[in-house]
Amino acid sequence: MGVSEGDHGNTGGNTGGTPAVRDVGIHEAARRGNLRKLVELGVDPWGHRWDDRQWIGDARDRANEVRFRRADGTELDLPTLEGEGPIDYRAWKAEHGPGEETGPQVRVAGRILLQRPTGKLIFLNLRDWTGDIQIFIGQKQVGEASWKVAQCLDLGDLVGIDGRLGRTNTGELTVFAERLTFLCKAIEPPPEKHHGLVDVEMRQRRRYVDILHTPGVLDTFLRRTRIVKSIRRTLDSHDFCEIEGPTLHTIAGGAAARPFTTHHNALGLDLYMRIALELHLKRLLVGGMERVYELGRVYRNEGISPKHNPEFTMLEVYQAFGDYRSMMDLTEQIIVDAIRAIGAELRLPWGRTTIDFQPPFARKTYDDLFGEHTNVDPADPDAIVAYARDQGLAVDGKHPDVVKSDVFEAFVEDGLKGPVFVMDYPASICPLTKRKAGHPEIAERFELFVDGMEVANAYTELNDPDLQENLFRTQLAGQSEEDSMAKMDHDFIRALRNGMPPAGGLGIGIDRLVMILTNSPSIRDVILFPLLRPESQA
RNA sequence: GAGGGUGUAGCUCAGUCGGUAGAGCAACGGACUUUUAAUCCGUAGGUCUCGGGUUCGAGCCCCGACACCCUCACCA
């Protein structure tokens, strides 16, 4: 850094919360200098209420109100920049004059992204979350007080502008400032103005900078909120009610994953962060909440990858007297509604390809896909084990259906472009699922795959308490207890003994759905604050 | 957990064969009332991620650590 406090003489003695002992970089020193000048002008550098303004996007929408009034009283529309380069608006005025431009009064606020001072005139590019607009600040036009404030502006500061909407000589829509109101100082400089923040690690650690300066980031996260709102709207329109279940569990049930552990001091109780929403929602089915869902965070203590974050958002839905086919229709509607909610087409770009979400999505059985992709008879366990061994998969000591599942995951799932519903899984790997009538070896379960990624998972829910208890007791061969979904939960069994209506249940990984709908290659592109190791404080 | 890659100014990036650390933007000083990544003149800014080693000499070679990215494994 090299610039110590004394060098510029503008950090010492500052009582506005400046850290007492710290090497202040040249950028911070300059900004603190401007901050002090503002204070000397009697301006609060941290601003005040300014909520009677309009969005920049709304101001831009008033562009058609900017008109040219000729001396004879007639009004003309202005030429616009539609698709073309800059316009020589000065020449246009000379041609159509004499006259003057008129435009509506606007009040906007935003962050200074670019500054182009040209002597007694400053152009700003101002941004709020609805868009950008150019500001014209002329020394004569804006008045002495505002001009003095304008001399203290740094990139990244927040300002409010009162002025008239108009166009500059090049035709650019601009607010011609009549008053400048300072709203907040930025002590840290923004990133490089052409490229923004590029370093992936810094983008994640300083998401506030990323959202502001990396193109498309704000849009992706706003789309995420629209998708989530749309999902709630779709479910609410079918009379589902949203609940909040416990996130601290004494038994980490409902899925096969390693949990995070935690501890309650007063109770002296070790607890798990939930890995799924399932078992409590089903208890509510027993309790008569016939259509119920939760949209919330679950935690899995597993590896991190472009498709996995330790905490992620899950939707689980349960519908009394439905089954997995009801859930298939609902899944389609949730996704199609969400795509419409973000104003996208049903044919969505995905990397270098597109994915077509025109319903109905393909529906194929597990065994059919298994046979298509492996040329092995899905009903022949010996052939499957032999195939798995040939392909180098570990088979020793594993239940044949586990081997079949391993083969499916290794050689079928990745090839599923989708969207495709994979239906009817081997019952032995689905301990919470009802068996198909007349086919006890097949579970009424589907998973929705898009580009090899599991996006949704649904069952016809198992509601036979005796069978459920048996499945909890029977560990599958080759599965360690901690890897198994089948963790005994006596209270859940007791709930089933009170009678759970036959039902369909559905789980959707919200982060993955958002990835696909926003064409984001990594789950960390759709999670605001993904887990990172702490920054070293050196 | 295994393998590969990256780490240089506030930011974005160069850095040749191992021989004095570079640019653009940002910053500072100056000029400029219609600019568009404004322009022009000048100035300042570095623990080359960290720690060892080899060498007369290391941003560069070797060893180790840390962080992030990618692939694989566990998982959704």
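Everything numeric in this text was worked out from a predicted model, so none of it was measured.

Draft legend 1. Highlighting the overall build of chain A. Helix and strand counts for chain A stand at 17 helices and 22 strands. On C-alpha atoms alone, chain A measures out to a radius of gyration of 31 Å, which is more than a quarter above the 24 Å that the 2.2 N^0.38 rule sets for 538 residues. When burial is assessed residue by residue, chain A has 48% of its 538 residues classed as buried. Counting only carbon and sulfur atoms, one obtains 50% of the accessible surface of chain A, whose full area is about 26700 Å². With 65 positive and 82 negative side-chain charges, chain A shows a spacing of 6 Å between the two charge centroids.

Draft legend 2. Expanded view of the packing of helix α13 (residues 381-390) against helix α14 (residues 400-411). Contact geometry of α13 with α14 gives a least axis separation of 9 Å together with a crossing angle of 50°. Here α13 is positioned oblique relative to α14, judged by the angle of their axes. Every pair of crossing elements has a handedness; the one defined by α13 and α14 is left-handed. Of the residues in α14, those in contact with Pro-381, Ile-384, Val-385, Tyr-387 and Ala-388 of α13 are Pro-400, Val-403, Lys-404, Val-407 and Phe-411. By residue class, the composition of the contact of α13 with α14 is 9 nonpolar, no polar and 1 charged.

Draft legend 3. Spatial organisation of the sheet that holds strand β2 (residues 75-77). Sheet architecture is open: 3 strands sit in the order β2-β1-β3, paired in antiparallel fashion. Sheet topology places β2 and β3 (99-102) at the edges, where each strand pairs with a single neighbour. Averaged over all pairs of adjacent strands, the angle between their axes in this sheet comes to 30°, without regard to strand direction. Here strand β1 (residues 67-70) pairs with β2 via 3 bridges, running antiparallel. Looking across to β2, one finds that Phe-68 is bridged to Leu-76. Lying on the sheet, helix α4 (residues 89-96) is in contact with β1, β2 and β3; it crosses β1 at an angle near 30°.

Draft legend 4. Main features of the protein's contact with RNA strand B. Surrounding RNA strand B, one finds 53 residues, the nearest of these being Asn-169, Thr-170, His-194, His-308 and Arg-533. Taking all atoms of RNA strand B within 4 Å of the protein, the share assigned to sugar and phosphate is 56%. In the environment of RNA strand B, a phosphate oxygen lies 3.4 Å from a nitrogen or oxygen atom belonging to the side chain of Gln-204. Residue assignment for the surface near RNA strand B shows that the elements contributing at least two residues are α2 (26-40), β4 (105-117), β5 (121-128), β6 (131-138), α5 (139-142) and α7 (200-205). For the surface near RNA strand B, the element with the most residues is α7, which contributes 5 residues. Grouping the constituent residues of the surface near RNA strand B by class yields 20 nonpolar, 16 polar and 17 charged.

Draft legend 5. Representation of the state of the cysteines within the structure. One pass over the structure, following the stated rule, counts 0 disulfides. The structure places no disulfide on Cys-184, whose sulfur is separated from the nearest cysteine sulfur, that of Cys-152, by 14 Å.

Draft legend 6. Focus on the environment of His-264. Mapped onto the elements of the fold, His-264 is located in strand β11 (residues 261-264). His-264 gets classed as partly exposed once you look at its relative accessible area, which sits at 32%. As a C-alpha pair, His-264 and Leu-248 span 16 residues in sequence and 9.6 Å in three-dimensional space. With residues up to four places along the chain from it excluded, the contact list for His-264 reads Leu-269 and Leu-271.

Rules of the game
Residues numbered from 1 in each chain as written. Chains lettered and ligands numbered in written order. Predicted model: local features only at pLDDT ≥ 70, side-chain atom pairs only at ≥ 80, totals over all residues. Heavy atoms only, no water. Helix = DSSP H or I, 4+ residues; strand = E, 2+ residues; numbered from the N terminus. Rg over C-alpha atoms; globule rule 2.2 N^0.38 Å. Buried < 20%, exposed > 50% of the residue type's maximum accessible area, 1.4 Å probe, protein only. Areas by Shrake-Rupley, 256 points an atom, 1.4 Å probe, with all protein chains shown as cover. Lys, Arg positive; Asp, Glu negative; His and termini not counted. Charge placed at Lys NZ, Arg CZ, Asp CG, Glu CD. Axes fitted to C-alpha atoms, helices over the stretch in contact; angles between N-to-C directions. Parallel < 35°, antiparallel > 145°, perpendicular 65-115°, else oblique. Left-handed = near helix turned anticlockwise from the far one by under 90°. Contact = heavy atoms within 4.5 Å. Nonpolar A, V, L, I, M, F, W, Y, C, P; charged D, E, K, R; others polar. Pairing = 2+ DSSP bridges. Near = heavy atom within 4 Å. Polar contact = N/O pair within 3.5 Å; in protein donor to acceptor, adjacent residues only side chain to side chain. Disulfide = S-S within 2.5 Å.

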